[in-house]
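Summary of the model geometry
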2 protein chains.
Amino acid sequence: MFLSNLMPLEKALHIIKDREVIAGIEEVSIIDAYNRVLAEDVKSILNSPGFDNSAMDGYAVKAEDTFGSSQTNPAHLNIVDRIGAGKASHVSLKSGEAVKIATGAPVPEGANAVVMEEYTIEKGNDLEVEYSLTPFENVSPKGEDFKKEDLILKSGKLLRPQDIGIISSSGHEKINVFKKPKIGIITTGNELVMSLSEIKEAKIINSNYFTLKALVESSLAMPELTHCTDEAETVSNQIKKFLKPCDAIITTGGTAISKGDVVVDVVDELGEVLIHGVAIKPGKPFGFGIIDDKPIFMLSGYPVASMVQFDIFVRNFILKMQNIHREPPIFKKTASRKIPSALGRTEYIRAKTDGDVVAPLKIRGSGVIRSMVESDSYILIDENSEGIAKDEECNVLLYDSLKA
Amino acid sequence: MFLSNLMPLEKALHIIKDREVIAGIEEVSIIDAYNRVLAEDVKSILNSPGFDNSAMDGYAVKAEDTFGSSQTNPAHLNIVDRIGAGKASHVSLKSGEAVKIATGAPVPEGANAVVMEEYTIEKGNDLEVEYSLTPFENVSPKGEDFKKEDLILKSGKLLRPQDIGIISSSGHEKINVFKKPKIGIITTGNELVMSLSEIKEAKIINSNYFTLKALVESSLAMPELTHCTDEAETVSNQIKKFLKPCDAIITTGGTAISKGDVVVDVVDELGEVLIHGVAIKPGKPFGFGIIDDKPIFMLSGYPVASMVQFDIFVRNFILKMQNIHREPPIFKKTASRKIPSALGRTEYIRAKTDGDVVAPLKIRGSGVIRSMVESDSYILIDENSEGIAKDEECNVLLYDSLKA
């Protein structure tokens, strides 16, 4: 009923882009916020540091009291207090006085510089200072890192360790982040079994089940998995079951035109099929539909085709649900040999890079998983191109650049 | 007692390299194997596919029966069986016969090619074939992906989705992977509190606690966290508590020379301090020791210094515990302005890249977390260099290239 003529890739991508949604927002503790995406602008609740503090272990003094001091002509000061880390001195320092303080400790009132321990000799309460300080030397001023009400991080930031560090030090314990979408994965196919012990006759192992879970994980989302046989009712019931808890559904198998290829028919019945059949290779029998406002990505049953379709259509959609916007770089590399390509289909040729050279793999079967394992990149060939000549420059997309 | 003269960076890295260990091996189900590192060579238990199978929905035939056929001169065959996905036909096909089969189904005995549905007209049991097939056309041969006993993946591979796909289809349900090391993180410092509500006087928030957890997570390891005050006995007890369950320990704070800087003293008492003080900037007061054969990384209490020390000394060590070997690329970029640097220390200048240009940040304080947040890379300046001139080429290491 469908797949009569193929949709150009650009048009299919456009239709899918129009259906992008954010999966929602949730509050998490900052201790669990690594690799999450910030869903609010974070402003500081405090000054950091909260007070002028010592950048060194040493003595807080008035810089003026040390002017002209040296090893041969030390200044003599009177130690009036000693404070350790986490403590504050309540002394108001006068000329001729010093307070021993630790790194990070507040510089007492009246002091304006800190002399490093190495430049002093302490004898009882007498301190020899063999160094001439400039005002504010070794003092980290209050608010040096950031001030109360400063904008620390903007919404949309994928949180790195240092980002979590600054959020914590700005006084927040919880923050709003974009939800990790829950992605329902339904593999279909009477011929598929889950393990070696179930193999008999025409059965094969359902590798898509395992691969797609990992693909969804590599997109920082949460997979919810099940397998179905090819009966329309079974597939229909499973889709209905996943619609509510999941933010999107991925199916494999049942997207061609023959009898028994039920997935596209079921989606058409439950909702709307917006795409069926795209001018790409491999991966032509790709479908996309909407049921109750939830996107349904219908991937091929062939392992390689489904991986390529995931990379082209699904990965970015899932990342954008978390407000992660990425544009993996396209590298120019030299083709190690001639690559023929048919007009009218955008090709994703599995390839192996070696420096500035890229070699297309010879195996092209949609079922040969080894070709995805032995390659590290796609050579992209435009639908209007008849291929690439040996030593010609071509566009290369590295697998490693795809994962979040 | 220590930190009297600084060790060159290369020597410190060499000492740490000598203490590299593997955290161990464990068996996991392949469904949980994404981003784990394979700890065995994986050989296939079966042929994949296990039988010659159809690459198309169509009809299995003898190619010879279709030689010379075309739309105007179709061959006529007799449909003797029809099989769906996951089923096998037990027919032994004779000349003049056809069996209807689905994609992936076994090609019946006697057949050697499959004609696509699109090139046929089915009328009852009569099949018109409007196409001349070559032998083996549209047949995926048994073992096309891999054969029984083939080496599928080598030990040491960081598993991508396609790798998990091929392992599953080769018949394995569980595999051996390298253990994720458990990393004990002990932050120290009387001045540190865990939240805004505890701030008073000279207290500040313990951002290292949150940052280091994320840094360990970004290295694919499992953090185990605690905070201690500065008393030697407290720190000593905590280290002893973590020694057994953890594969390595990271501390922050207490690595300088002043009183109250207890961590290095405690490690010296419990085991051996191999490094204390390295000629780098920031991060000079770095320590490394061994207690009961477990590595102890003693990082500075200053947030920026501890992050840089993690990047230089700890990250790769943790990755190698999982048998992950990475060499982040060093890029050549043009300095947007002059960068002075002192002889004798390797500098890690926080910087921001923009295409081929790199701008060093002006803020350099070891406590200014904002400098790590606003930068995306380090400019590396050799200990023998006095700095970089404006528009000179310099070596740049991107933060994003560091995480696993």
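Per chain, residues are indexed from 1 in the order of the written sequence. Chains and ligands are labelled sequentially in the order written, the chains with letters from A and the ligands with numbers from 1. This being a predicted model, a pLDDT of at least 70 is required before a residue's local features are given, and a value of 80 or more before pairs of side-chain atoms are given or counted; all residues contribute to the totals for chains, interfaces and linings.

Residues and elements named next belong to chain A. Note: two strands are recorded as paired if DSSP finds a minimum of 2 bridges between them. Where helices and strands are cited, they refer to DSSP runs of H or I of at least four residues and of E of at least two residues respectively, numbered from the N terminus. Here we have six strands laid out as an open sheet, ordered S7-S4-S6-S5-S9-S8, and mixed in their pairing. Each edge of the open sheet carries a strand with a single partner, namely strand S7 (113-116) and strand S8 (120-123). Strand-to-strand, the axes of this sheet are offset by a mean angle of 35°, without reference to chain direction. Two elements, strand S5 (residues 75-82) and strand S9 (residues 126-129), share four bridges in a ladder whose sense is antiparallel. In the strand pairing of S9, Asn78 is matched with Asp126. What counts as an axis is a line fitted to C-alpha atoms, over the stretch in contact for a helix, and the angles between N-to-C directions run from 0 to 180 degrees.

Further remarks concern the sheet that holds strand S5 (residues 75-82) of chain B. Residues and elements named next belong to chain B. Taken together, six strands build an open sheet; the order of strands is S7-S4-S6-S5-S9-S8 and the sheet is mixed. Both edges of this open sheet fall to strand S7 (113-116) and strand S8 (120-123), since each of them pairs with a single strand only. Neighbour to neighbour, the strand axes of the sheet diverge by 35° on average, direction disregarded. The sheet contact formed by S8 and strand S9 (residues 126-129) spans four bridges and is antiparallel.

Here we come to the interface of chain A and chain B. Size of an interface: often given as the accessible area lost when the parts come together. Placing C-beta atoms from the backbone, we regard two residues as in contact once those atoms come within 7 Å. Taken together, the contact between chain A and chain B spans 66 residues of the former and 66 residues of the latter. At the level of secondary structure, the elements contributing two or more residues to the side of chain A that touches chain B comprise helix H2 (161-169), strand S15 (204-205), helix H3 (207-218), helix H6 (303-321) and helix H7 (370-373) of chain A. Nonpolar residues are Ala, Val, Leu, Ile, Met, Phe, Trp, Tyr, Cys and Pro. Charged residues are Asp, Glu, Lys and Arg, and all others, Gly as well, are polar. Per-class residue counts for the side of chain A that touches chain B are 30 nonpolar, 21 polar and 15 charged.

The next thing to look at is the nonpolar core. Each nonpolar core comprises buried Ala, Val, Leu, Ile, Met, Phe, Trp, Tyr and Cys residues, the members being joined through C-beta atoms within 7 Å. Every C-beta atom is placed from the backbone, and the number of other C-beta atoms within 10 Å of a residue's own sets its class: buried at 20 or more, exposed at 12 or fewer, partly exposed in between. One finds Phe297(A), Met298(A), Ile379(A), Phe297(B), Met298(B) and Ile379(B) to be the most contacted residues of the largest nonpolar core, which totals 172 residues. Dropping the residues within four chain positions of it, Ile379(B) is found in contact with Ile339(B), Ile349(B), Ala351(B), Val358(B), Pro360(B), Cys394(B), Asn395(B) and Val396(B).

This part takes up the relation of the copies chain A and chain B. Overlaying chain A with chain B gives an RMSD of 0.1 Å, the required rotation being 180° about an axis along which the chain moves by 0.0 Å. Seen this way, the second copy is the image of the first under a two-fold rotation axis. Here 100% of the contact residues of chain A are again contact residues in chain B; the copies associate through an equivalent surface. Alignment of copies: least-squares fit on C-alpha atoms of residues with pLDDT of at least 70 in both copies.

Quick look at the domain arrangement of chain A now. Just so you know, the domain bounds were taken from an automatic or database domain assignment. When its domains are assigned, chain A resolves into domain 1 (9-24 + 180-321), domain 2 (25-48 + 156-178), domain 3 (53-140) and domain 4 (331-401). Averaged C-alpha coordinates put domain 3 of chain A and domain 4 of chain A at centres separated by 67 Å.

The subject of this paragraph is H3(A). Since one α-helical turn is 3.6 residues long, residues separated by three or four positions face the same way. To estimate how far a helix should extend, the number of its residues minus one is multiplied by 1.5 Å. The terminal C-alpha atoms of H3(A) lie 17 Å apart, and with 12 residues this matches the ideal 16 Å at 1.5 Å per residue to within 8%. Judged by how many residues are buried, H3(A) sits mostly within the fold: 10 of 12 residues are covered. When H3(A) is considered as a whole, its buried residues turn out to be Ser207(A), Asn208(A), Tyr209(A), Phe210(A), Thr211(A), Leu212(A), Lys213(A), Ala214(A), Leu215(A) and Val216(A). Those residues of H3(A) that are buried are in contact with strand S13 (182-188), S15, strand S16 (222-228), strand S17 (248-252) and H6 of chain A together with helix H2 (161-169) of chain B. Once H3(A) ends, the next one or two residues include Leu220(A), with phi positive near 65°.

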